[in-house]
Amino acid sequence: MAWRIEESVIRGEIDNRTPGQVRGNVWLVGGDEPLVLELAGNCHKDLAGCRLTFTNPAPKSGGRITLAANQSGAVGDMTAARKVRVIENFDYFALKKGRKFPEHLANCLYLEWFSEANGRVVIESTAYEISVSEPVWKLAPDEEIRQQEANADAMRSFMERAAGALDPREEAAYDGTPKDEFEWELFLRASDRRTTKLGELMENITIIRTVIA
């Protein structure tokens, strides 16, 4: 499971002007101090060598996010050029009644990292106001491939740690045949975790394919 914090973000900055290192600060609603990012790795080629600043025009309080102030760890996928389809004036109930909505392609800011304290953290939005400096260095093609491999390794490591944290009683129920209501509850919990992990993995694969394409 990822921490998805885009709605609570007020503003932030990501600095990859030093090769192999991403530093940053992210201010959240309700927080006195920003999250401080100290990450190993590089952004995608559109942000590599640059300083990115971003502002959320409509932050939401939605409950306090309890992330560690020090976000040390590894870079995941960080780009401001991910293409996504945006549905205009979306209404879930109207969609269920068969109404069609216009849509358009938009650049999505996607910032992912793997924190030693909190695991996977994601900021994803098409609504932020962003500014990107001129690059002071550029990511070579072989460096880009190595970074993509490092991102995949970071995701794999995160998934393995998540799997190691599973309740052995739930795993036993999942691997066997539930015999009563209690075991069925354990089975469903294990199944939900597997579904969540699969979704995380497929999302990462889709992002990598989009970047390569």
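Residues numbered from 1 in each chain as written. Predicted model: local features only at pLDDT ≥ 70, side-chain atom pairs only at ≥ 80, totals over all residues. Heavy atoms only, no water.

1. Observations regarding the confidence of the model for the protein chain
Averaged over the protein chain, the pLDDT score is 81; the fraction of residues at 70 or greater is 67%. Here helix α3 (residues 168-175) stands out as the least confident element of the protein chain, with mean pLDDT 53; strand β5 (residues 51-55) is the most confident, with 98. Below a pLDDT of 50 lies the segment residues 205-213, which in the model reaches 8 contacts outside its immediate sequence neighbourhood of four places, other chains included. (pLDDT = per-residue confidence, 0-100. Helix = DSSP H or I, 4+ residues; strand = E, 2+ residues; numbered from the N terminus. Contact = heavy atoms within 4.5 Å.)

2. A few points about the packing of aromatic side chains
Per the stated rule, a full pass over the model turns up 2 aromatic pairs. Here the aromatic rings of phenylalanine 54 and tyrosine 128 are separated by 5.8 Å at their centres, their planes lie at 5°, and the arrangement is stacked. With phenylalanine 54 in strand β5 and tyrosine 128 in the loop between β8 (119-125) and β9 (129-132), this pair connects stretches of sequence that are 74 residues apart. The pair phenylalanine 54 / tyrosine 128 is uniform in exposure class, with both members buried. (Phe/Tyr/Trp six-rings, centres within 6.5 Å; stacked < 30°, edge-to-face > 60°. Buried < 20%, exposed > 50% of the residue type's maximum accessible area, 1.4 Å probe, protein only.)

3. Quick word on the state of the cysteines
By the definition in use, this model includes 0 disulfides. The thiol sulfur of cysteine 43 is not disulfide-bonded, and the nearest other cysteine sulfur, from cysteine 50, lies at 8.2 Å. (Disulfide = S-S within 2.5 Å.)

4. Here's the deal with the pattern of salt bridges
If you walk through the whole model with that rule in mind, you get 8 salt bridges. Taking the shortest distance from any N to any O, the salt bridge between aspartate 15 and arginine 17 comes out at 2.7 Å. For glutamate 38, the salt bridge identified is with arginine 23, shortest N-O distance 2.6 Å. Taken as a pair, glutamate 38 in strand β4 (residues 35-40) and arginine 23 in strand β3 (residues 21-28) lie far apart in primary sequence, 15 residues in all. Residue classification places arginine 23 among the partly exposed residues on the basis of a relative accessible area of 39%. What you see here is one network of salt bridges that share partners, running through Arg4, Arg82 and Glu124. (Salt bridge = Lys/Arg side-chain N within 4 Å of Asp/Glu carboxyl O.)

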